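Letter by letter, the chains look like this.
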Amino acid sequence: MNRREDLQNSRQQQRNESPRPAVSSDQPIVTTSSADTSAAELSSLLSSCASPSPLKQVHAQLLTHGLHHNPRLLSLAALAYLSFGRLRPARLIFGAIPAPSAYLWNLVIRAHSTRGQFHHALRLYSSMLGSGVLPDKFAFPFALKACAGLSDLRWGRLVHQHSICVGCGRDLFIDSALVDMYAKCGHVADARVVFDNMWQRDLVSWTAMIAGYAHNGYCAEALDFFWLMRQSGVQANRVGLLSVLLACSRLGAVKRGEWFHNFAIQTGYESDLQVSTAVIDMYAKCGSLDLARKVFDLTEGKDVICWSAMIASYGVHGFGRDAIYIFKKMVEEGVEPNEVTFTSIISACSHAGLLEEGQGYFNLMKIVYGIEPGLNHYACMVDLLGRAGKLTEAEALIQTMPVKPDVSLWGSLLGACRIYGNIDVGERIADLIFELSPSHSGYYVLLSNIYAAKSRWNDVERVRELMSKKKVNKVQGISLIEFDNRIHKFGVGDRSHPQTDSIYAYLGKLSVRMKQMGYVPLTDFVLHDIEDEMKEAALFYHSERLAIAFGLINMSPCSPIRITKNLRICGDCHNATKLISKIENRIIIIRDMNRFHHFGDGFCSCADYW
DNA sequence: TTAGGGTTAG
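Residues numbered from 1 in each chain as written. Chains lettered and ligands numbered in written order. Predicted model: local features only at pLDDT ≥ 70, side-chain atom pairs only at ≥ 80, totals over all residues. Heavy atoms only, no water.

## Some words on the overall build of chain A
In step 1: When helices and strands are counted, chain A shows 30 helices and six strands.
In step 2: Looking at chain A as a whole, 53% of its 610 residues are labelled buried.
In step 3: Pairs at least 24 residues apart make up 66% of the contacts formed inside chain A by residues separated by at least 6 positions.
In step 4: For chain A, the accessible surface area stands at approximately 27,800 Å², while carbon and sulfur atoms represent 52% of it. (Helix = DSSP H or I, 4+ residues; strand = E, 2+ residues; numbered from the N terminus. Buried < 20%, exposed > 50% of the residue type's maximum accessible area, 1.4 Å probe, protein only. Contact = heavy atoms within 4.5 Å. Areas by Shrake-Rupley, 256 points an atom, 1.4 Å probe, with all protein chains shown as cover.)

In structure tokens:
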């Protein structure tokens, strides 16, 4: 039953009447004279409107017959507008009802909350309290949904307290909504406290917790909870699957992702378009682009999100031409691209160095599809121009674009200055960036790299001092590799892994062979990314190299080594991995924070353009 | 009348 039918039935139940035949827009309302139009007739007409058009006519009759003070008719009119998603007229009519029932308050709040009108939903909730109506167990989930939608923790906590005050402290629906609210506000620990204290849990409460973990980056916990849920006898549905697929994609855990894909096939959820899209995204983000494409080709009734996922996948792997092919095919099949599709296709062009094509899509978006470029699109364009060496054009675009640029846009340009060794522009932009975002370590590192590449060590030292003065904390570099159903994590110079001795011994041997092949450490990158990675001796023990050695030791020779890194791969590791792929005759796929690098036979798919 | 969800730059 959909929302509209739901609400119409509610109205009928409330009146305790049998359903009447609906009045459609094709059936003109029988106009009656003001004398013989009774409240009962209008009530009947309001309940049977099947579309907004006859509803407006009945509403007009209600006003012209002077019945606009009749609370029962007003309630019915408000409900009728709500059922068609016409929130504004519903709100206006609702405001004229002298003392709405708690039931009516709940429905009005629910309608706003479920349609994403979170501010209005909370304002209504607040007005309900102000009018002296106590919220009941049906009101809280709607109000909490609004708090979750706004990530408004202050209001969320307040509603939580209200629920306890009115004696709704142990309600399955409210508790699940609380888990969701705390998770969406980024307070996963609080969500977990609510979850742990629940006296009973069902599929939705488990799923809310799993989704909360996955969306907040606690991916291992999300997967653990999936198993705990199964152990507790609750079978996952499509929503839970979406969350664990997201977790796998973030971890780069392809084996686990495959398991969930099989689970989807066995349970029939594979035919669900959202699940298929999540599977495609998972395979692509785990480095298995071929599998992503296979699932994509088998997916029927693809919508714009599914097409966009495939375009984004090709883009992040550096296969811009394939992304363009998919885009064209999508349009041929009559699916209209949206603003996300354009973000993805322009980004795909950027990663592949397709300057003209990217500019073409930017224009196509505006001229043909009438989509106003947003911050994301401008960011992609700055990246596209910057990577192509068009620094002046990129800067001019930032300065002339109608959207206010954020720091990441300038950061993108700073990245281009690093690639092209442009100190003048780089310094100027860096000053601006440090003012806007004084604690983001990545931008200091970028500037430091620009100086280091020109051997301006005094300036490098100055940047280090600046970081120290501003107490900028660096993000620790972490690499993940999945093996034997586990995610193995490595930090820089990490010695905590049980196989540490063999990993370091392997790297030692590898180093000799690499040097024989002419490997010279890129000392410019000694200063890249991580404080601990600044020492030359540590170059060889960057997290991704430890993960590669672990993969080489443990994984069968024919299987590719897939690594996920939380920072951008440094130039030295990039060179080293190319060599390692040749020496070991292995495919090594590294996903860094920006894109994929497929290493094989001494080359990288990014063609050193990243 | 109540709760959980797929694509997006750097």
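## Concerning the state of the cysteines
In step 1: Taken as a whole, this structure holds zero disulfides when the rule is applied.
In step 2: Note on Cys-570: no disulfide assigned, nearest cysteine sulfur contributed by Cys-573 at a separation of 3.8 Å.
In step 3: Sulfur of Cys-606: no disulfide; nearest cysteine sulfur belongs to Cys-604 and is 3.5 Å away. (Disulfide = S-S within 2.5 Å.)

## Remarks on unusual backbone geometry
In step 1: One non-glycine residue, Ser-151, adopts positive backbone phi at about 50 degrees.
In step 2: In this structure Ser-151 comes out as partly exposed when scored by relative accessible area, which is 42%.
In step 3: The phi angle at Asn-485 is positive, at roughly 65 degrees, despite the residue not being glycine.
In step 4: By the secondary structure assignment, Asn-485 is in the loop between strand E1 (478-483) and strand E2 (486-491).
In step 5: On the basis of relative accessible area, Asn-485 is assigned to the exposed category, the value being 56%.

## Looking at the packing of aromatic side chains
In step 1: Within the structure shown, the criterion is met by 23 aromatic pairs.
In step 2: Their ring planes at 80 degrees and their centres at 4.8 Å tell us that Phe-94 and Trp-105 sit as a pair that is edge-to-face. Taken together, the residues Phe-94 in helix H5 (residues 87-95) and Trp-105 in helix H6 (residues 102-114) connect sequence positions eleven residues apart.
In step 3: Its relative accessible area of 4% is what places Phe-94 among the buried residues. (Phe/Tyr/Trp six-rings, centres within 6.5 Å; stacked < 30°, edge-to-face > 60°.)

## Points about the UniProt feature "repeat: PPR" (unreviewed entry) in chain A
In step 1: Residues annotated by UniProt as "repeat: PPR" (unreviewed entry) correspond here to residues 101-135, 202-236 and 303-337.
In step 2: Here residues 101-135 runs as 74% helix and 0% strand, with 11 Å between its end C-alpha atoms. (UniProt positions renumbered as here; feature names shortened; annotations may be inferred.)

## Comments concerning the protein's contact with DNA strand B
In step 1: Close to DNA strand B lie 52 residues; Arg-110, Asp-202, Arg-238, Gln-274 and Asp-383 are nearest.
In step 2: Taken together, the sugar and phosphate atoms account for 47% of what DNA strand B places within 4 Å of the protein.
In step 3: Between DNA strand B and Lys-145 there is a distance of 3.2 Å, counted from a phosphate oxygen to a side-chain nitrogen or oxygen.
In step 4: The separation between a base nitrogen of DNA strand B and a polar side-chain atom of Ser-408 is 2.8 Å. (Near = heavy atom within 4 Å. Polar contact = N/O pair within 3.5 Å; in protein donor to acceptor, adjacent residues only side chain to side chain.)

## So, the packing of helix H20 (residues 339-352) against helix H22 (residues 375-387)
In step 1: Contact pair H20 / H22: the axes reach a minimum separation of 9 Å and the direction vectors enclose 10 degrees. The angle between H20 and H22 places the two elements in the roughly parallel class. On H22, the residues touching Glu-339, Phe-342, Thr-343, Ile-346, Ser-347, Cys-349, Ser-350 and His-351 of H20 are Asn-376, His-377, Cys-380, Met-381, Asp-383, Leu-384 and Arg-387.
In step 2: Its residues assigned to classes, the contact of H20 with H22 shows six nonpolar, six polar and three charged. (Axes fitted to C-alpha atoms, helices over the stretch in contact; angles between N-to-C directions. Parallel < 35°, antiparallel > 145°, perpendicular 65-115°, else oblique. Nonpolar A, V, L, I, M, F, W, Y, C, P; charged D, E, K, R; others polar.)

## Regarding the sheet that holds strand E3 (residues 561-565)
In step 1: Taken in spatial order, the six strands of this open sheet run E2-E1-E3-E4-E5-E6, and their pairing is mixed. Only two strands of the sheet have a single neighbouring strand rather than two, namely E2 and strand E6 (603-604).
In step 2: Taken together, the two bridges between strand E5 (residues 596-600) and E6 define a ladder with antiparallel strand orientation. If you follow Phe-599 over to E6, its bridge partner there is Cys-604. (Pairing = 2+ DSSP bridges.)

## Thoughts on the pairing of E3
In step 1: Buried residues dominate E3, accounting for four of its five residues.
In step 2: In this sheet, E3 lies alongside E1 in antiparallel orientation, the contact comprising three bridges. Bridging from a neighbouring strand, Leu-480 pairs with Thr-564 of E3.
In step 3: As defined by bridge partners, E3 adjoins strand E4 (residues 588-591) across four bridges and the pair is classed as parallel. Across the sheet, Ile-561 pairs through a bridge with Ile-588, a residue of E4.
In step 4: In this view, the connection linking E3 to its parallel neighbour E4 by way of helix H30 (residues 571-583) has right-handed handedness. (Right-handed = clockwise from strand over helix to strand, strands pointing away.)

## A word on the pairing of E5
Along any regular strand the residues' side chains alternate between the sheet's two faces.
In step 1: Within E5, five of the five residues are buried, leaving the element largely enclosed by the surrounding structure.
In step 2: Side chains Phe-596, His-598 and Gly-600 of E5 all project onto a buried face; the interleaved residues His-597 and Phe-599 project onto the opposite face, where all are buried too.
In step 3: In this structure, E4 lies alongside E5, joined through four bridges in antiparallel fashion. Of the residues in E5, the one forming a bridge with Ile-590 is His-597.
In step 4: Remark: four residues form the turn of the hairpin made by E4 and E5, two consecutive strands paired antiparallel.
In step 5: The hairpin formed by E5 and E6 contains two residues between the paired strands, and Asp-601 there has a positive phi angle of roughly 50 degrees.

## Concerning helix H23 (residues 391-400)
In step 1: Buried within H23 are the following residues: Leu-391, Ala-394, Glu-395, Leu-397 and Ile-398. Taken around the axis of H23, the buried residues stretch over an arc of 155 degrees, which confines them to a single face. Of the residues in H23, the exposed ones pointing more than 90 degrees away from the buried face are Thr-392, Gln-399 and Thr-400.
In step 2: Of the surrounding elements, those touching the buried residues of H23 are H22, helix H24 (407-419) and helix H25 (423-436). (Arc of directions from axis to C-beta.)

## A word on the pattern of salt bridges
In step 1: Following the criterion strictly, the structure yields 20 salt bridges and no others.
In step 2: The shortest N-O distance in the salt bridge between Glu-427 and Arg-456 comes to 3.5 Å. Taken together, the residues span a long stretch of sequence, with Glu-427 in helix H25 and Arg-456 in the loop between helix H26 (441-453) and helix H27 (457-469) at a distance of 29 residues.
In step 3: The class for Arg-456 is partly exposed, based on a relative accessible area of 32%.
In step 4: The partner of Arg-456 in a salt bridge is Asp-459, with the nearest N and O atoms 2.8 Å apart.
In step 5: Connected through shared salt-bridge partners, Glu-427, Arg-456, Asp-459 and Arg-462 make up one network. (Salt bridge = Lys/Arg side-chain N within 4 Å of Asp/Glu carboxyl O.)

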